[in-house]
Amino acid sequence: MSGGEAHVENSIWMRAVLLGGVFLAIGVLAFATMGVGVANVKHHAYEDAIHHYEDAKYEYEEAKANGASESEIKALKEDKEEAHHHEIEAHLSYLTWRTAGITILLMCITYASFIGLGGFLNSIYPDDAGHDDHGYGGDDHEHHGSGSPIVFSLGIMLFLMGFPSFQGALGNMLSGVDANLGDLGLSMLGLTIVTAGVANWWREDLPFIGNHEQIATSAPFEGQHIRKAGLWVFIMSEVMVFATFFSSYLRMRTEWCTGWQVDNQNAACRATESVGGAEHFVLAAGGTTADASLAAGDYLYEIDMLTASDFLRPNGGMLDGLGGQGDFMTLLPGAINTFALIISSYTIVLALKTAKAKDWEAPSGFMGKLMPTQKTAVRNYLIATFLLGSMFIVLKLIEWSHLVAEGFTIGTQAGSIFYISTGAHGLHVFIGLLVMLYLIFKADTVGYDEKNGQGIEYFGLYWHFVDLAWVVIFPAFYLY
Amino acid sequence: MGEHETTGILESIVEKLPGGYDIYFWNFVILMFFTLFEVAAVFFETIPGTDIEITLYAVWAILIGVGVIKGYGIAAYFMHLKGDPRIYTRTALFPVLFVLLMLWGIGLSNPGSVQALPDWCTPNWEFASQR
């Protein structure tokens, strides 16, 4: 260390490049084993299940056409339904492995791009340029902040400006249609600037060991760390974003006749039929009536919208043969994800506590082997948080693939708000994971301690907010 | 978040609990327990071991109640609003007014639902030009 900041040779960033390589290897390995190897086996099983179902269906139709006995038809119908059930199970099993493999590959490519490219750019940076006394964390000066966020924001702006044509061209490329590569240009430029901005940001922050943290000098945050105040203002804006999704959902939801509303005999969900040009209510016992004042139980009620929870929870509503198949296993990924986020919130608290501990002692037994030193303990708690967050994304996409396969697509109002809200939340988790990559790198190189542990604290605030948003999203979209 | 000492009724109870675990550990345990509770509330149609039905309103009450408890646990202890200066709590509460407005104004009070939202947000151009 030299004075106010750690002495960091830019060559240390080659470790980040190596880490990027490790991620690529993990991604390719996961894709090869899960997405190709196991998925192909499952696909064969799925094809067999399709054939079995078609055979069972044919036998059933034949028996009906040939006037077989009632008991024989009943037995064949049961066989057909069982074969159909197996076919669905086999399809979902195939999707699970295929989606897991592809998701892990794509995540690892993104991790590798960020940490690897960032590391490469910083490793080729001249060492002398990193020691500007007027810069970030200089010896004799206050923490001057950084211009990198502005570069990063410019990159994001360009990426979003080019996004409509970018996603169109990417979609065409993936589906084998002729694509104009020039359509990728603006967004790719944006992504390049984002990477350069992030790399520069990391290089500026890495030597920071807690000296000269910028303090607010005026109300209302007087005496507080400016970075922390800024983070809270950012979280405040995030609350607004999620509140927008939630209020839209609430608005739509109050108009829908869901399974819950029908079970509750909501008057707005009474089935109607046009009789002689006038709307009549359909009665539970059969027939219709124009009388709206009968007892609630006398009417027939109908569902007009399926929500995600109808596909996920037990006893969900059914519409046009879709939904209502939820059980313990369909609810499991969402429930595991909820626990994963809560555990990850705790592991990041432990990372901060360990970093800030003045008299830290290595735990005994197995945990002692995992965390022999304070520095290793901080890094490993961060890695645990990172793994839990990554698992969240994989499970989420597996769950999405199942929902789409079962007919819950983005094409309906309920599907639209579900995928946008949970997708926005998933994006926040993923962005958090990219930031966490750097925290892990810093924990492994310069390290976090009592003086600079606030870096973990500020990231933790964001991570806890993501957990907090899930506290609302999970019951609203998955359970209710 | 984890580096300050906080004082309060919960903290004093936690200090007396065996094992020597801190408030963050117990907060974590409580969050896990209530998550299990909300999943169970939806998973079971009746209270296990009884014939008592878990009604729609009971599910609502459980989900909202558990949400409030979990939200408090995360914000107060994990995000450490309880130990930090008040200005952070005020900052966190600042959007509440807008959130409530959105939930009430858009979420619960516009009878025209989604279809009417574009009209609702479109300025009255005829009125503006005549005036």
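Residues numbered from 1 in each chain as written. Chains lettered and ligands numbered in written order. Predicted model: local features only at pLDDT ≥ 70, side-chain atom pairs only at ≥ 80, totals over all residues.

> Run through the overall build of chain A, naming residues and quoting values.
Helix and strand content of chain A: twelve helices and five strands. Counting every position in chain A, which comprises 480 residues, the buried fraction comes to 40%. The contacts in chain A between residues at least 6 apart in sequence include a share of 73% that link residues at least 24 apart. (Helix = DSSP H or I, 4+ residues; strand = E, 2+ residues; numbered from the N terminus. Buried ≥ 20, exposed ≤ 12 C-beta atoms within 10 Å, placed from the backbone. Contact = placed C-beta atoms within 7 Å.)

> Got a sec to walk through the nonpolar core? Specific residues and values, please.
Looking at soluble globular proteins, one finds that nonpolar side chains tend to be buried together. Membership of the largest hydrophobic core comes to 118 residues, with the highest contact counts inside it found for Ala351, Leu382 and Leu437 of chain A. Beyond its immediate stretch of four places on either side in the chain, Leu437 of chain A contacts Tyr111, Phe114 and Ile115 of chain A. (Core = buried A, V, L, I, M, F, W, Y, C linked by C-beta atoms within 7 Å.)

> Requested: an account of the domain arrangement of chain A, with residues and values cited.
Split into domains, chain A comes out as domain 1 (1-126), domain 2 (231-250 + 305-480) and domain 3 (267-298). Once you take the C-alpha centre of each, domain 2 of chain A and domain 3 of chain A turn out to be 46 Å apart. (Domains from an automatic or database assignment.)

> Could you give an account of the packing of helix α8 (residues 328-356) of chain A against helix α10 (residues 374-405) of chain A, with specific residues and numbers?
All names here are of chain A. Running from N to C, α8 and α10 cross one another at 165°; their axes reach a closest spacing of 8 Å. One way to sum up the angle between α8 and α10 is to call them roughly antiparallel. Along this stretch, α8 crosses α10, giving a crossing that reads as left-handed. Here the contact of α8 with α10 is built from residues that sort into 19 nonpolar, eight polar and two charged. (Axes fitted to C-alpha atoms, helices over the stretch in contact; angles between N-to-C directions. Parallel < 35°, antiparallel > 145°, perpendicular 65-115°, else oblique. Left-handed = near helix turned anticlockwise from the far one by under 90°. Nonpolar A, V, L, I, M, F, W, Y, C, P; charged D, E, K, R; others polar.)

> Tell me what's going on with the interface of chain B and chain A, and back it up with residues and numbers.
The interface is formed by 40 residues belonging to chain B together with 45 residues belonging to chain A. The set of elements that each furnish at least two residues to the side of chain B that touches chain A consists of α2 (23-43), α3 (56-78), α4 (86-93), α5 (96-108) and α6 (113-121) of chain B. When the residues that make up the side of chain B that touches chain A are grouped by side-chain class, the tally is 28 nonpolar, eight polar and four charged.

> Would you mind going over unusual backbone geometry in detail, with residue names and values included?
Residue and element names in this part refer to chain A. In this structure, Pro220 follows Ala219 across a cis peptide bond, with omega equal to 5°. With respect to the secondary-structure elements, Pro220 resides in the loop between α4 (185-205) and α5 (226-255). Residue Gln265 is not a glycine yet carries a positive backbone phi of 55°. Here Gln265 is to be found in the loop between α6 (259-263) and β1 (272-275).

> An account of the sheet that holds strand β3 (residues 288-289) of chain A is needed here, citing residue identities and associated values.
Strand pairing in a sheet takes place through backbone hydrogen bonds and is either antiparallel or parallel in direction. All names here are of chain A. Taken in spatial order, the three strands make up an open sheet running β1-β2-β3, and their pairing is antiparallel. At either end of the open sheet lies a strand with only one pairing partner, and these are β1 and β3. Examined bridge by bridge, strand β2 (residues 278-282) and β3 share two bridges and lie antiparallel to one another. Bridge pairing links Val282 to Thr288 in β3. (Pairing = 2+ DSSP bridges.)

> So what's going on with the pairing of β2 of chain A? Which residues, and what values?
Residue and element names in this part refer to chain A. Both β1 and β2 contribute to a ladder of four bridges, which runs antiparallel. Among the inter-strand pairings, Glu273 is bridged to a residue of β2, identified as His280. Between β1 and β2, which pair antiparallel and follow one another directly, the connecting turn spans two residues, one of which, Gly276, has a positive phi of 60°. Hairpin connection between β2 and β3: a loop of five residues separates the two successive antiparallel strands, and Gly286 in this loop has a positive phi of roughly 105°.

> Provide a residue-level description of the confidence of the model for chain B, including the pertinent values.
All names here are of chain B. Residue-level pLDDT values for chain B average 77, and 75% of them are 70 or greater. Model confidence for chain B, summarised as mean pLDDT per element, is weakest for helix α7 (residues 125-130) at 53 and strongest for α4 at 90. Scored as a whole, the predicted complex attains pTM 0.88, and scored at its interfaces, ipTM 0.82. (pLDDT = per-residue confidence, 0-100.)

> Explain α2 of chain B to me, using residue names and the numbers behind them.
Helical geometry note: an α-helix holds 3.6 residues per turn, so side chains three or four residues apart project in the same direction. Under the 1.5 Å per step criterion, the end-to-end length of α2 of chain B is 30 Å for 21 residues, consistent within 8% with the ideal 30 Å. For α2 of chain B, the complete set of buried residues consists of Ile23, Tyr24, Asn27, Phe28, Leu31, Phe34, Thr35, Glu38, Val39, Ala41 and Val42 of chain B. Viewed end-on, α2 of chain B has its buried residues packed into an arc of 155°, placing them on one side of the element. For α2 of chain B, the exposed residues set more than 90 degrees away from the buried face come down to Val29 and Phe33 of chain B. The secondary structure elements touched by the buried residues of α2 of chain B are α8 and α12 (454-479) of chain A together with α1 (9-16) and α3 of chain B. (Expected span 1.5 Å × (residues − 1). Arc of directions from axis to C-beta.)

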